[in-house]
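An overview of the molecular structure
Chain by chain, the residues run as shown.
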Amino acid sequence: WPSTYSMAMYAWPSISPDGKWVAYVGLGDGRPDLFAQFINGTPVNLTLEADMPVQNRTIVGGIDVLPDGSGIAVAGRPRSVGLFQVPGIWVTPAPAGGPARRVTDRYASLRWSPDGKRIAGVIANPLLGDAIAVASADGQDERILVPLQDGLHLHQVAWGHDGRHI
């Protein structure tokens, strides 16, 4: 970790599949940003140059490195949906950064299946509770696993190592 920051300024580390770099949310210029850092390397701010602010929701749901190491899923660049600002999930190329692409508007956080073909995500609704869904990697063919339930707030999902269980 860089010596100029305190550990409290870092959240949700996710290690690359090859173990050579780590992605994390850190404070860049006083706002949450997505960083990648090679072991014994200098941190690279992936969202500042792409002008894609990382949403505070990311700190709740975390980030996830794609199974092939080519990108990092992060909540960012919100859009209005009814009365709410929905961050959506974006994939930023990794570990060097570049233009991000939107995967889905529906999830506040997600995790990739071990084979990278599916995603499991949290559908967050501050008023009605949260749900958990699974879909293909492009966000299509969604199936709700845990329906919205008043007062139920879920912030994390995880895949089993075999990709058969969430």
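Structure report, in brief. Counting restarts for each chain: residues are numbered from 1 in the order of the written sequence. Under the rules for a predicted model, residues below a pLDDT of 70 receive no local features and side-chain atom pairs below 80 are neither given nor counted, while totals for whole chains, interfaces and linings still include all residues. Note that the side-chain values use all heavy atoms of the structure and ignore hydrogens as well as water.

Glancing now at the overall build of the protein chain. Within the protein chain, the secondary structure is distributed over one helix and 14 strands. Relative accessible area decides the class of each residue, using a 1.4 Å probe on protein chains only: under 20% of the type maximum gives buried, over 50% gives exposed, and in between gives partly exposed. Among the 166 residues that make up the protein chain, the fraction classed as buried is 43%. Here, residues are in contact when the closest pair of their heavy atoms is within 4.5 Å. Of the contacts made within the protein chain by residues no fewer than 6 positions apart, 35% connect residues no fewer than 24 positions apart. Calculation of accessible area relied on Shrake-Rupley with a 1.4 Å probe; when residues are assessed, cover is drawn exclusively from the protein chains displayed. For the protein chain, the computed accessible surface area is about 8,800 Å², with 55% contributed by carbon and sulfur atoms. Runs of H or I in DSSP of at least four residues are treated as helices and runs of E of at least two as strands, each being numbered from the N terminus.

In this section: the pairing of strand 11 (residues 109-112). A two-sided burial pattern is seen for strand 11, the buried positions comprising S109 and R111 on one face and L110 and W112 on the other. Should DSSP find at least two bridges between two strands, the strands are taken to pair. The sheet contact formed by strand 11 and strand 12 (residues 118-125) spans four bridges and is antiparallel. Its bridge partner lying in strand 12, R111 is registered against A120. Taking the residues between adjacent antiparallel strands as the criterion, strand 11 and strand 12 are bridged by five residues, where G116 takes a positive phi near 75°.

Two aromatic rings, drawn from Phe, Tyr or Trp (for Trp, its six-membered ring), form a pair once their centres lie within 6.5 Å of each other, and the interplanar angle then sorts them: stacked below 30 degrees, edge-to-face above 60, tilted otherwise. In the structure shown here, the tally under the stated rule is one aromatic pair. Relative to F35, the ring of Y24 lies with its centre 5.6 Å away and its plane at 10°, an arrangement referred to as stacked. Remark: F35 occurs in strand 3 (residues 31-38) and Y24 occurs in strand 2 (residues 21-28); sequence separation between them is eleven residues. Residues Y24 and F35 agree in their burial class; the two are buried.

Our next topic: the environment of H165. Looking at where H165 falls in the secondary structure, it is placed in the segment after strand 14 (143-146). A relative accessible area of 46% places H165 in the partly exposed class. As for H165 and S113, which are separated by 52 residues in sequence, their C-alpha atoms are 9.5 Å apart.

This paragraph deals with the sheet that holds strand 6 (residues 71-75). Spatial ordering of the open sheet is given by 5-6-9-10, a layout of four strands whose pairing is antiparallel. Only two strands of the sheet have a single partner each, and these edge strands are strand 5 (64-65) and strand 10 (101-104). Relative to strand 9 (residues 89-93), strand 6 is paired through five bridges, and the arrangement is antiparallel. Counterpart to G71 in the pairing with strand 9 is P93.

This paragraph deals with unusual backbone geometry. Following A94, the chain continues into P95 via a peptide bond in cis, with omega recorded as 0°. For P95, the location among the structural elements is in the loop between strand 9 and strand 10. Despite not being glycine, N40 shows a phi value in the positive range, around 60°. Among the structural elements, N40 can be located in the loop between strand 3 and strand 4 (44-45). Residue N40 is classed as exposed on the basis of its relative accessible area of 82%. Even without being a glycine, D141 presents a positive backbone phi close to 55°.

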